[in-house]
Structure formats: C-alpha cells, structure tokens
Amino acid sequence: MSLMKITSNIRDYEVHFAEKTDFLAGLKKFSQRCYVVDHNVWSLYEKGCLQEIAGEDLIVLPIDEERKSLESVQGLYDRLSARSAKRNMTLISIGGGILQDITGFAASTLYRGINWVFIPTTLLAQGDSCIGSKTSLNYRGYKNLIGTFYPPSEVFIYIPFLSTQADVDFFSGLGEVVKLHIMGGPGKTQEIIDLLPHIIRREPGALRAAVQNSLLIKQGYIAEDEFDSGRRNMLNFGHCFGHALEATSNFEIPHGQAIVMGMLLANIVASFRKLLSDGFRTHIADKVLLPSLIVKPKKEALDAEAIVNAMKKDKKRTGEGLALIMMKEGHEMGRVNDLAESEVTRALQTLKSF
Ligand SMILES: NC(=O)c1ccc[n+]([C@@H]2O[C@H](COP(=O)([O-])OP(=O)(O)OC[C@H]3O[C@@H](n4cnc5c(N)ncnc54)[C@H](O)[C@@H]3O)[C@@H](O)[C@H]2O)c1
C-alpha cells in the first residue's frame, strides 16, 4: 500500500492507496468504531468487501444533495451519542462527497471532534474532496453555506470502488480531475490527455494515476492556503461560470460537467483578453475539455442574461463586477473582478459554435 502525507494546520494525515480490501480488517484496531456507509455503496458491497461490518457498528445513510443538511447531521448525533463510546469513538465513513460532507461535519462537531477515517468511493471524492479539510452542508437552499475545516485522520483509496459508479456521477468527478491536471501545468495536462481514453474505460491503472496526480496538484494549493483565503481560491477555476450553469439548467447539468463548460468559457474570455492564444485555447478544448463532456446543455441553460444573473449571486463574489478565475498562457492562474456582461454574451456565442 503506498502513501501520501498531507500536512494540515489542524493535524497532518495520511492517504493510503490500497491494492486490496484488507485495509478494512486493519480498521478493527479502532475498538470503538462506527461505520457510516452510503446506501448505494452498502447495497453493492454488503455481500462483498463490506460483509464483515457488524450490524451494531453500522449506520447506512440514504444519499442525495437535499440530505446534505443539518437534519441529517442531527440524526447522526442522535445515533452516535446513544452509543457508550464518546470522545474515544472513531467514525469511519464509506461513500462519496455527500457522505463525506455530512459525516465530516458530524465528526468535527460532536464532542468538539472525534476521530474520523474516510474511505472515498467516487472519482470526485478520491481525486479531489478527500483532502483539503473542508466539510460543508447546504442551508435554506444555499449550497455549502455551513461548514468546518476538519481533515480525516486517515484516508484509504481503493480504486476498484469506481467500477460501479454511474456514468453521470463518474463524469462529474472527471471534471474536477481534469481541472486539477490543467492547473498542474503542461506536463500534467499532457498526462491527462494521454490517460483520458483509459480513464473513460475505467482502467484501474489510469484511474489510479489520475487520482494520485490530482491529489498531488491539489496538495500544492492547500499546503500554502488551507483556509482558502488566497491561492486556494484558484481551485475555483471553471466554477464561476459552472455554478451559474448549474443554476440555469435547474441542476440538470451535473457539477463537474458544469465545471468543464465553465473552463471552456473562462478560456474563451481569456483568449478575448489576449491572455491565452487561440491555438492554446483550442488545444485544451479539443484534447481535454470536450472529450470529458457527456452532457449537452439545453438552450435555456446557455441564456446570457440568466447566466449573468446567476453569476451575480455567486457567494465568492467580492465587489460590484463579476469575478472570473482564468488560466493564462503557460497555465498561470489569475482572478479578475471586472468581467463584463458583454464578454459573457460573446463567450456563450463562441461556445455554441463548438
Ligand atoms: N468537502 C469537500 O471538500 C468537497 C469538495 C467537492 C465536492 N464536495 C461535495 O461532494 C458532493 C458530490 O460528491 P460525489 O461526486 O462524490 O457524489 P455523491 O456523494 O453525490 O454520490 C453520487 C452517487 O453515487 C453513489 N455512489 C457513491 N459511491 C458509489 C460507488 N462506488 N458505486 C456506485 N454508486 C456510488 C451515491 O450513493 C450517490 O447516489 C457534492 O455535495 C459536493 O458539494 C465536497
């Protein structure tokens, strides 16, 4: 089993890449443990690698975005506080980003923090969210409004879990993985170009390489700015347009796919501003971004006025103008706060011609 060490201002932790599922037996070292498992993961693996999890140690959680709520966390507090183990308990989460957010928030707040181990089972959770310490809940219709910084004490990545993910969720995760590789510079971008056909066929070697690369690149950003007050903000590349597209499509476009479209649009604006050459923009679009898209947005989702209105509501906006994270020539990242509505309209027209 190979290892990545993540330094954190809260506590350092380790990400283990497991070849086999015997790491699950190793978790018995935590005598006071409670497993919280995503319901789909449980039904797929209860008779397989998860069969040794005993009933009294198990909570199976139904998962959808609406359940990323304080109510779900309260339900967990009730179940966990009824157990005899208190501060000495270890919570072991097995699932994707939603399960991570619910259980991470519960682990960080119950008894002011209990030991937490995370086993991510989706491409997004393995290649992105499992590091970085963020836990988030939705509140009154606003996504990720409430949260804490609280890393797991250990993460175990077992790539074969990805073989059972539905395409729509897998490709959503792929969007973030592709984003991280592009942000990682020319070498990592070429690597993802070469890996992409193998990733799409879900070949374990390619998935492992992509997950490992993504985490290493993300680590570079969070190491300097774990609490997201500066450089980590660049990880929102693709998100300014992406969040707006999620909203204008009534969330029919999955998050990671909206991010891919958001990167296409941000690159178009960068080329208008001569920050990116047309040749480079086309190269990134044709070789990485377009092959990662499986969703075709409806016309209404690409309405310029609706997109501008949605961008005005972005919680990361700091002033009067529209904000945009952009990649410049040479993969250098930057942020502008003066994106004009006319640029949005022109960028959407260009995107429609692809
Ligand atoms: N905390 C963070 O740093 C962070 C970062 C990015 C995203 N997120 C959050 O992550 C969430 C999205 O997470 P996600 O993309 O991992 O998906 P998810 O957790 O929404 O899961 C998607 C679907 O896949 C199912 N599933 C999970 N693993 C499976 C497997 N191995 N086989 C079959 N089905 C499986 C789930 O039951 C669910 O139906 C969003 O709520 C987002 O806000 C959190």
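Residues numbered from 1 in each chain as written. Predicted model: local features only at pLDDT ≥ 70, side-chain atom pairs only at ≥ 80, totals over all residues. Heavy atoms only, no water.

Caption draft 1: Spatial organisation of the overall build of the protein chain. Looking only at helices and strands, one finds 13 helices and 11 strands in the protein chain. A compact globule built from 354 residues should have a C-alpha radius of gyration of about 20 Å, and the protein chain, at 20 Å, falls within 12% of that. If one aligns the C-alpha atoms of the protein chain with their principal axes, the spans along those axes are about 60 × 40 × 35 Å. Residues counted as buried form 56% of the 354 residues belonging to the protein chain. A sequence separation of at least 24 residues applies to 73% of the contacts in the protein chain between residues at least 6 apart. Accessible area for the protein chain stands at about 15300 Å²; split by element, carbon and sulfur atoms hold 51% of it. In the protein chain, 41 side chains carry a positive charge and 41 a negative one; their mean positions are 2 Å apart. (Helix = DSSP H or I, 4+ residues; strand = E, 2+ residues; numbered from the N terminus. Rg over C-alpha atoms; globule rule 2.2 N^0.38 Å. Buried < 20%, exposed > 50% of the residue type's maximum accessible area, 1.4 Å probe, protein only. Contact = heavy atoms within 4.5 Å. Areas by Shrake-Rupley, 256 points an atom, 1.4 Å probe, with all protein chains shown as cover. Lys, Arg positive; Asp, Glu negative; His and termini not counted. Charge placed at Lys NZ, Arg CZ, Asp CG, Glu CD.)

Caption draft 2: Local environment of the sheet that holds strand 9 (residues 154-157). Taken in spatial order, the 7 strands line up as 1-2-9-6-5-3-4 in an open sheet, and their pairing is mixed. Looking at which strands have only one partner, the edges of the open sheet turn out to be strand 1 (2-6) and strand 4 (58-61). Taken pair by pair, the neighbouring strands of this sheet meet at an average axis angle of 20 degrees, ignoring direction. As paired elements, strand 5 (residues 90-95) and strand 6 (residues 115-120) share 6 bridges and run parallel to each other. Bridge pairing links glycine 95 to proline 120 in strand 6. Across the sheet, helix 4 (residues 97-109) touches strand 3 (33-38), strand 4, strand 5 and strand 6, and the angle it forms with strand 5 is around 170 degrees. Lying over the sheet, helix 8 (residues 204-224) contacts strand 1, strand 2 (13-17) and strand 9, oriented at roughly 15 degrees with respect to strand 1. (Pairing = 2+ DSSP bridges. Axes fitted to C-alpha atoms, helices over the stretch in contact; angles between N-to-C directions.)

Caption draft 3: Region of interest: the site of the ligand. In the vicinity of the ligand there are 22 residues, among which Asp38, Asn40, Gly97, Asp101 and Thr122 approach most closely. Within the contact set of the ligand, an oxygen atom lies 2.9 Å away from a side-chain nitrogen or oxygen of lysine 68. One of the backbone nitrogen or oxygen atoms of lysine 134 is found 2.9 Å away from a nitrogen atom of the ligand. Burial of the ligand by the surrounding chains reaches 86%, relative to a free accessible area of 880 Å². Counting only elements with at least two residues in the shell around the ligand, the list comes to helix 2 (39-45), helix 4, helix 5 (123-129) and strand 8 (142-149). It is helix 4 that provides the largest number of residues to the shell around the ligand, a total of 4 residues. (Near = heavy atom within 4 Å. Polar contact = N/O pair within 3.5 Å; in protein donor to acceptor, adjacent residues only side chain to side chain.)

Caption draft 4: Up close: a nonpolar patch on the surface. On the surface, Leu70, Tyr139, Tyr142 and Leu145 cluster together to form a nonpolar patch covering roughly 380 Å² of accessible area. When you line up the elements, tyrosine 142 lands in strand 8. (Patch = residues over 30% accessible without salt bridge, like charges linked within 9 Å, V, L, I, M, F, W, Y side chains within 5 Å. Salt bridge = Lys/Arg side-chain N within 4 Å of Asp/Glu carboxyl O.)

Caption draft 5: View of helix 13 (residues 341-352). Its 12 residues place the ends of helix 13 17 Å apart at the C-alpha level, agreeing with the 16 Å of an ideal helix rising 1.5 Å per residue. Those residues of helix 13 not exposed but buried are Glu343, Val344, Ala347, Leu348 and Leu351. End-on view of helix 13: buried residues confined to an arc of 135 degrees, all on one side of the axis. Across from the buried face of helix 13, at angles greater than 90 degrees, the exposed residues are Ser342, Gln349 and Lys352. Those residues of helix 13 that are buried are in contact with helix 9 (239-248), helix 10 (255-272), helix 12 (304-312), strand 10 (322-327) and strand 11 (333-339). (Expected span 1.5 Å × (residues − 1). Arc of directions from axis to C-beta.)

Caption draft 6: Up close: the state of the cysteines. A full pass over the atoms with the stated rule returns 0 disulfides. Considering cysteine sulfurs only, cysteine 130 is the nearest to cysteine 49, which forms no disulfide, with 17 Å between them. The exposure class assigned to cysteine 130 is buried, which follows from its relative accessible area of 1%. (Disulfide = S-S within 2.5 Å.)

Caption draft 7: Expanded view of the pattern of salt bridges. On inspection of all chains with the given rule, the structure shows 20 salt bridges. The salt bridge involving aspartate 64 is made with arginine 67; its shortest N-O contact spans 3.3 Å. Overall, arginine 67 belongs to the partly exposed group, its relative accessible area being 36%. A salt bridge links glutamate 203 to arginine 201; the shortest N-O distance between them is 2.9 Å. Exposure remark for glutamate 203: the relative accessible area of 29% places this residue in the partly exposed category. Given the relative accessible area of 53%, arginine 201 is considered exposed. Each of the salt bridges in this network shares a partner with another, and the network as a whole consists of Glu65, Lys68, Asp101 and Lys143.

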